[in-house]
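As a plain string of letters, each chain reads:
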Amino acid sequence: MSGKITVIMLGCALLAATVQAKEHPGKEQILKEGYQGPKTCETCHPGKAREFLGTVHWKHASKVDHVDNIDPNEEYGMKNRIYTMCNGSDIVNNLKEVPPNALGKTKFTGCNTCHPGDHSSDVGSTGPQAEQAIDCLICHSFKYDFSKRKAVKSEDGKVVMTQDRSTEAAANIGRPTIKNCMACHEAAGGGAMIKRGFSMAQKDEVHVTKGIICVDCHQVKNHRFPTGRDPNNWANDGIYMTCVGECHSVTPHKDADYNRHIAKIACQTCHIPKTGGAFSKDFTKWEKQSNGFYEPSTLKREVNETAPVYAWYNLTVSNTPHFIGPKGSRTDGKSKIYPFKIFQGKAYFNKKDGKLLSMDFASPIATGDTLAGVASAARILGIKEYEPVPGWQTIYFGSNHQVAPKNKALSCANCHALNGVLNFKELGYSPKEVEKLTNPELYFEKLLKLQQENE
Amino acid sequence: MKKILSVVVMVALMLVSVLTFSRQAQAEELKMVGTISKIELSADKKSATAILKDSKSGEEVTILVSDELTLDKFMDKRIVEGDEIRCKFEKMDGKNSSKMFKKTAGC
């Protein structure tokens, strides 16, 4: 690692420690007057609540301009998208109490459980009531008591999400920590590390090891979060991020050969050699658990247990009922080779129009009856003509986190040996080119020298 | 003298190997789904015990947790008593050491 990057990382670590240690201005006032929700925050940050209502974190949707077969004038995201990792959406799987199972047990569940409102003011809501329903502290407090955030039934029988609005939580605030982010982001898709299968623990992410936190890279502007270009993450706040910027230059390696690769190989390809989490699910067949509830059958691995797949990606997305993944080619002049976590899910498709059907999980969770879930979702979405038939969908998730330490990144032979991770033929290279790309002449001297240095 | 020393070292190495192998052979990995009835953090907060009620047998099982992430979740109450947990643990020397401790619920 270059000295410059080391200095920047050390700076980040020191800054993070300082920010964490430094008390947020206004603490004394909060301790004296207590916390009354967003209006307390707005004493010093006027307009921030209304601003937040316009972001993806609140709307769970945005206009999308890089994906095939969708309406550019509509908004898409968790709010309304259907795909086979989740097979539901905030609309279909609105937070609710499921019917009792055979043991008489019930529970609350819903895709919008992680929405930072109180459920009375829900995904995409607007106005003064919504502004005051924002759970600012779940992202900004270091002392948030997560046991206070839970679904309960209010006196009038509505399901609401409670929040920790204690003075203690409000008096200990600042930039969101990794824990604040991961409280929601690690549990998506059916449990811890299931959906994206990456961990932000120090042992798993080299940036975290060096004291860098989520918002150091996802540099938030007015509550709008820059994101990467995951083909299955469509909603965005209109700003994107890459590795290249204040930390990494366009020529980040000392080795000119490595730097030459940057024209065609994304940073993640070499620096994120593993992925994990669920790699297949079957929503047509739910398994009974020992607690009497049912869950979709899921094949999964731990973090760092799965090899990614590699494909050309020009940052636009192919979206058909049976495939969501990268578009691109070796020859389009825009694509680079990226790593992806590949996932295949089975669910019901509508024989009448070929589209993927959604599923309301309330019935399947309680009884395992998946077709009852499809029928309920069709009612909610106003679909009258449908004939459910099982089928598979393949999804490519971006592999953009869990960056390995330098010594675990892919090196020359990991790709250019005959048993390398890149399938050059499938990536569009001719037999003659493949022969050249897998000839040890390319890397032998360099690796031999490295080996001698390390011995 | 050198010969005696070599024999002693060899015997010691063999003993270590046998003992290590025996300990590994004794360790048994088990899994369960259960509801937490009690969480107790140690004074130094470097470990905790959690009592899980096995949802299949109803039996109470005490699990020793020592991984940082789970301990952190106990401390800020992301995992609390009453939560349902999917757990893998290793049974050895009368202790059940957690290898995986995750809430069953996702979203």
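Keep in mind that this is a model prediction, so the values were computed, not measured.

Trainee: Got a minute to help me understand the overall build of chain A in this structure?
Mentor: Per the secondary structure count, chain A includes 18 helices and 13 strands. Its C-alpha atoms give chain A a radius of gyration of 24 Å, near enough to 23 Å, the size a compact globule of 455 residues would have. Dimensions of chain A, computed from C-alpha atoms along their principal axes, come out at roughly 75 × 60 × 45 Å. By residue count, 46% of the 455 residues in chain A fall in the buried class. Restricting the contact set of chain A to residue pairs at least 6 apart, pairs at least 24 apart contribute 67%. Of note, chain A has its 57 positive side-chain charges centred 1 Å away from the centre of its 48 negative side-chain charges.

Trainee: Would you take a moment to explain the overall build of chain B for this structure?
Mentor: Within chain B, the regular secondary structure consists of two helices and five strands. Listed N to C, the secondary structure of chain B is α-β-β-β-α-β-β in terms of helices and strands. Looking at chain B residue by residue over its 107 residues, the buried ones come to 27%. Sequence-distant contacts, at least 24 apart, represent 49% of the contacts inside chain B between residues at least 6 apart.

Trainee: How should the pattern of salt bridges be read in this particular structure?
Mentor: Oppositely charged side chains may form a pair once their charged atoms are brought near each other. Taken as a whole and assessed by the stated rule, the structure comprises 27 salt bridges over all chains. The salt bridge partner of A:D257 is A:R260, with a shortest N-O separation of 2.1 Å. With A:D257 and A:R260 both in helix α12 (residues 256–261) and three residues apart, the pair spans about one turn of that helix. Take A:R260: its relative accessible area is 59%, and that puts it in the exposed class. Through salt bridges with shared partners, one network takes in A:K179, B:D72, B:D76 and B:R78.

Trainee: Help me understand the interface of chain A and chain B in this model?
Mentor: Facing 24 residues of chain A, the contacting portion of chain B comprises 18 residues. Both sides together, the interface formed by chain A and chain B hides about 1,700 Å², and carbon and sulfur atoms give 47% of it. The interface formed by chain A and chain B includes six salt bridges. The tally of links between chain A and chain B comes to 10 residue pairs in polar contact (both at pLDDT 80 or more). Among the secondary structure elements, those contributing two or more residues to the side of chain A that touches chain B are α9 (178–185) and β8 (294–306) of chain A. In terms of residues, the side of chain A that touches chain B owes the most to one element, β8(A), which gives three residues. Looking at side-chain class alone, the side of chain A that touches chain B contains eight nonpolar, 10 polar and six charged residues.

Trainee: Honestly, the pairing of strand β9 (residues 309–313) of chain A in this entry has me stumped. Any pointers?
Mentor: All names here are of chain A. The element β9 is extensively covered by neighbouring structure, given that four of its five residues are classed as buried. Pairing analysis gives five bridges linking β9 to strand β12 (residues 336–350), with the strands arranged antiparallel. Across the sheet, the residue bridging to Y313 is K336, located in β12.

Trainee: Help me understand the layout of surface pockets, please; the structure alone is not making it clear to me.
Mentor: Empty space among the atoms becomes apparent when a probe as large as a water molecule is rolled across them. Approximately 1,300 Å³ is the volume found for the second largest pocket. Contributions of two or more residues to the lining of the second largest pocket are made by α1 (3–21), α9 and β8 of chain A together with α2 (68–75) and β5 (95–103) of chain B. The element best represented in the lining of the second largest pocket is α2(B), accounting for seven residues. For the lining of the second largest pocket, a count of residues per class yields 19 nonpolar, seven polar and 15 charged.

Trainee: Just to check I follow, could you spell out a nonpolar patch on the surface for this structure?
Mentor: Side chains of A:I91, A:I380, A:L381 and A:I383 sit close together on the surface and give an oily, nonpolar patch of about 290 Å² of accessible area. Residue classification places A:L381 among the partly exposed positions, given a relative accessible area of 36%.

Trainee: Got a minute to help me understand the packing of aromatic side chains in this structure?
Mentor: Any pair of aromatic rings gets described here by the distance separating the centres and the angle formed by the planes. Residue and element names in this part refer to chain A. Per the stated rule, a full pass over the model turns up 14 aromatic pairs over all chains. Aromatic side chains F323 and Y396 sit 5.5 Å apart centroid to centroid with 65 degrees between the ring planes, which places their arrangement in the edge-to-face category. On the criterion of sequence distance, the pair formed by F323 in strand β11 (residues 323–326) and Y396 in strand β13 (residues 388–398) is long-range, its members being 73 residues apart. The class of Y396 is buried, set by a relative accessible area of 16%. Positioned over the ring face of W234 is R81, at 3.6 Å from the centre of the ring.

Trainee: What is the right way to read the side chain of A:H115 from this model?
Mentor: Residue and element names in this part refer to chain A. By the element assignment, H115 lies in the loop between β4 (108–109) and α6 (128–133). Since its relative accessible area comes to 2%, H115 is described here as buried. Setting aside residues no more than four positions away along its own chain, H115 makes contact with H57, W58, H60, S121, D122, V123, G124 and R149.

Trainee: Sorry if this is basic, but what is going on with the domain arrangement of chain A here?
Mentor: Interfaces are often sized by the amount of accessible area the parts lose when they come together. Residue and element names in this part refer to chain A. Looking at the assigned domains, one finds that chain A contains domain 1 (3–410) and domain 2 (411–455). Across the contact, 11 residues belong to domain 1 and 12 residues belong to domain 2. Carbon and sulfur atoms make up 58% of the area that domain 1 and domain 2 hide from each other, which totals about 1,000 Å². Interface area lost by domain 1 to domain 2 is led by Y310, R330 and L410, which between them contribute 51%. At the junction of domain 1 and domain 2, the tally comes to three salt bridges. Here E433 ties to R330 by a salt bridge, and the two come within 2.7 Å at their closest N and O atoms. Run the count over domain 1 and domain 2 and you get seven residue pairs in polar contact (both at pLDDT 80 or more). Among the elements of the structure, α12 and β9 are those that each provide at least two residues to the side of domain 1 that touches domain 2. Within the side of domain 1 that touches domain 2, the residues separate by chemical class into seven nonpolar, one polar and three charged.

Trainee: Even after reading the chapter, I still don't get the nonpolar core, so can you show me in this structure?
Mentor: Nonpolar side chains tend toward joint burial in soluble globular proteins. Residues and elements named next belong to chain A. Counting 21 residues, the largest nonpolar core has Y83, M85 and W234 as its most contacted members. With residues near it in sequence (within four places) discarded, Y83 still touches K195, N232, I324, L356, Q393, I395 and F397. Core analysis: the second largest hydrophobic core is formed by 17 residues, A130, L137, I138 and I173 among them.

Trainee: For this particular structure, what's the right way to read the environment of B:D76?
Mentor: Its location among the elements puts B:D76 in the loop between α2 and β4 (84–92). On the accessibility criterion, B:D76 (7% relative accessible area) is buried. Look past the residues within four positions of B:D76 in its chain and what remains in contact with it is A:Y144, A:D145, A:F146 and A:K179. Of the polar contacts made by the side chain of B:D76, one reaches the side chain of B:R78; its length is 3.1 Å.

The rules we used
The residue numbers shown here count from 1 along each chain, following its written sequence. Lettering of chains starts at A and numbering of ligands starts at 1, both following the order in which they are written. Whole-chain, interface and lining totals are the exception, using all residues; otherwise, since this is a predicted model, local features are given only for residues with pLDDT of at least 70 and side-chain atom pairs are given and counted only at 80 or more. Only heavy atoms go into the side-chain values, all of them from the structure, while hydrogens and water stay out. Strands here mean DSSP runs of E at least two residues long; helices mean DSSP runs of H or I at least four residues long; both are numbered from the N terminus. The quantity called the radius of gyration is restricted to C-alpha atoms. Its globule counterpart is 2.2 Å times the number of residues to the power 0.38. Only protein chains enter the accessibility calculation, which uses a 1.4 Å probe; a residue whose area is less than 20% of its type maximum is buried, one above 50% is exposed, and one in between is partly exposed. Two residues qualify as a contact provided that any one of their heavy atoms is within 4.5 Å of a heavy atom in the partner residue. The charged-residue count follows a simple rule in which Lys and Arg add positive charge and Asp and Glu add negative charge, with His and chain termini not counted at all. For charged residues, the charge sits on one atom: NZ in Lys, CZ in Arg, CG in Asp, CD in Glu. Salt bridges are defined by distance alone: a side-chain nitrogen of Lys or Arg within 4 Å of a carboxyl oxygen of Asp or Glu. What counts as buried area is the accessible surface, traced by a 1.4 Å probe, that two parts surrender upon association, with contributions from both included. Here a polar contact means two N or O atoms within 3.5 Å. Within protein one must be a hydrogen donor candidate and the other an acceptor candidate, and residues neighboring in sequence count only if both atoms are side-chain atoms. The residue classification treats Ala, Val, Leu, Ile, Met, Phe, Trp, Tyr, Cys and Pro as nonpolar and Asp, Glu, Lys and Arg as charged. All others, Gly included, are polar. By this definition, two strands are paired if DSSP reports at least two bridges between them. A 1.4 Å probe that fits but cannot get out identifies a cavity on a 1 Å grid over protein atoms alone, an open set with protein on both sides within 12 Å along at least five of seven lines counts as a pocket, and a residue lines either if it has an atom within 4 Å of a point. Grid points are joined across faces, edges and corners, and a volume is the space filled by probe spheres set on the points. Exposure above 30% relative accessible area and the lack of any salt bridge qualify a residue for a patch; like charges then connect within 9 Å, and the nonpolar side chains Val, Leu, Ile, Met, Phe, Trp and Tyr within 5 Å. Each accessible area is a Shrake-Rupley result for a 1.4 Å probe, and residues are judged covered by the shown protein chains and nothing else. In this analysis, rings of Phe, Tyr and Trp, with Trp reduced to its six-membered ring, are considered paired at centre separations within 6.5 Å, and the interplanar angle assigns stacked below 30 degrees, edge-to-face beyond 60, and tilted for intermediate values. Here, a charge over a ring is recorded when the distance from Lys NZ or Arg CZ to the ring centre is within 6 Å and its angle to the ring normal is within 35 degrees. What fixes the domain bounds is an automatic or database domain assignment. Only buried Ala, Val, Leu, Ile, Met, Phe, Trp, Tyr and Cys residues count toward a nonpolar core, and they belong to the same one when joined by side-chain atoms within 4.5 Å.

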